[in-house]
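Topology and contacts: notes
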Amino acid sequence: SANCFCPSGLTPYVVPNSKGRDLPMGCYGGSATPTVYDDASQKCRAQGGFVATVHDSDKNFFLLSIFPPKNPHWLGLKRYGSQFVWSDGSNDGYTWWAPSNPIDGLNCVYAQHTVGFNTGW
């Protein structure tokens, strides 16, 4: 289908409204080379955005679908003291922690799917 919303190389995230029409909710993409969180965040800001936020399972699975299996991707969830805060400033409590996570001392969060569609942050 045509993508009239996002710049080339980015994938639109759309959510159907009450009339069944898709509403664009943002554009997403990754880097061709691995990078540390702060560099990824800076690249997003330079493009007028922020590292992806995930507030429900639909968005979580969308993000997993646009990245190849076993390739981690940063989420805009970062620990500040004892609290995790999303890069958009929200703190709604949605998480998808893998067993044994979050790990003390690690402040940045990434996601990846492994075998099949098993996943976790």
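Whatever comes next refers back to the structure up there.
This write-up is about the structure you can find in this document.

Scoring rules and cut-offs
- Residues numbered from 1 in each chain as written.
- Predicted model: local features only at pLDDT ≥ 70, side-chain atom pairs only at ≥ 80, totals over all residues.
- Heavy atoms only, no water.
- Salt bridge = Lys/Arg side-chain N within 4 Å of Asp/Glu carboxyl O.
- Helix = DSSP H or I, 4+ residues; strand = E, 2+ residues; numbered from the N terminus.
- Buried < 20%, exposed > 50% of the residue type's maximum accessible area, 1.4 Å probe, protein only.
- Pairing = 2+ DSSP bridges.
- Contact = heavy atoms within 4.5 Å.
- Axes fitted to C-alpha atoms, helices over the stretch in contact; angles between N-to-C directions.
- Patch = residues over 30% accessible without salt bridge, like charges linked within 9 Å, V, L, I, M, F, W, Y side chains within 5 Å.
- Areas by Shrake-Rupley, 256 points an atom, 1.4 Å probe, with all protein chains shown as cover.
- Lys, Arg positive; Asp, Glu negative; His and termini not counted.
- Charge placed at Lys NZ, Arg CZ, Asp CG, Glu CD.
- 1 Å grid on protein atoms, 1.4 Å probe; cavity = no way out; pocket = protein on both sides within 12 Å on 5 of 7 lines; lining within 4 Å.
- Points joined across faces, edges and corners; volume = space filled by probe spheres on them.
- Nonpolar A, V, L, I, M, F, W, Y, C, P; charged D, E, K, R; others polar.
- Phe/Tyr/Trp six-rings, centres within 6.5 Å; stacked < 30°, edge-to-face > 60°.
- Arc of directions from axis to C-beta.
- Disulfide = S-S within 2.5 Å.

Let's talk about the pattern of salt bridges
Side-chain pairing between opposite charges can occur once the charged atoms of the two side chains come close. Counted according to the given criterion, the structure contains one salt bridge. Two residues, K78 and D38, come together in a salt bridge whose shortest N-O distance is 3.2 Å. Of this pair, K78 sits in strand β3 (residues 73–80) while D38 sits in helix α1 (residues 37–46), and the two are 40 residues apart along the sequence. What makes K78 buried here is its relative accessible area of 19%.

As for the sheet that holds strand β5 (residues 108–113)
Taken in spatial order, the four strands of this open sheet run β4-β3-β5-β6, and their pairing is antiparallel. The sheet terminates laterally at β4 (83–86) and β6 (119–120), the two strands that pair on one side only. Its contacts with the sheet place α1 against β3 and β5, and it is angled at close to 110 degrees to β3.

Some thoughts on the environment of G29
Structurally, the position occupied by G29 is in the loop between β2 (22–28) and α1. Looking at G29, the relative accessible area reads 42%, which means it is partly exposed. With 84 residues separating them along the chain, G29 and H113 place their C-alpha atoms 16 Å apart.

Details of a negative patch on the surface
Taken together, the side chains of D56, D58, D88 and D92 define an acidic patch exposed on the protein surface. When its relative accessible area of 34% is taken as the criterion, D56 is described as partly exposed.

Some details on the layout of surface pockets
Of the volumes computed, that of the largest pocket is approximately 1200 Å³. Forming the boundary of the largest pocket are 40 residues, of which Y28, G29, G30, C44 and F67 lie nearest the centre. Elements that contribute at least two residues to the lining of the largest pocket include exactly β1 (11–16), β2, α1, α2 (57–66) and β3. A class-by-class count of the residues in the lining of the largest pocket yields 21 nonpolar, 15 polar and four charged.

Brief notes about the packing of aromatic side chains
Evaluated as defined, the whole model comprises 10 aromatic pairs. Taking the centre distance of 4.8 Å and the plane angle of 45 degrees together, the rings of Y13 and F62 count as tilted. With a gap of 49 residues between them, Y13 in strand β1 and F62 in helix α2 connect regions that are remote in the sequence. The class for Y13 is buried, based on a relative accessible area of 9%.

What about α1?
For α1, the full list of buried residues reads Y37, A40 and S41. Considered in projection along α1, the buried side chains sweep an arc of 100 degrees and stay on one side of the axis. Against the buried residues of α1 lie β3 and β5. Downstream of α1 by a residue or two, G48 has a phi angle that is positive, lying close to 85 degrees.

Considerations on the state of the cysteines
Counting across every chain of the model gives one disulfide. Here C6 is linked by a disulfide to C27, with a sulfur-sulfur distance of 2.1 Å. Residues C6 and C27 are joined by a disulfide whose S-S torsion is about -95 degrees; by sign, that bridge is left-handed. Here C6, found in the segment before β1, pairs with C27, found in strand β2; they are 21 residues apart in sequence, far enough to count as distant. Considering cysteine sulfurs only, C27 is the nearest to C44, which forms no disulfide, with 12 Å between them. The thiol sulfur of C108 is not disulfide-bonded, and the nearest other cysteine sulfur, from C44, lies at 13 Å.

Such coordinate-based values are descriptive only and should not be taken to indicate function.
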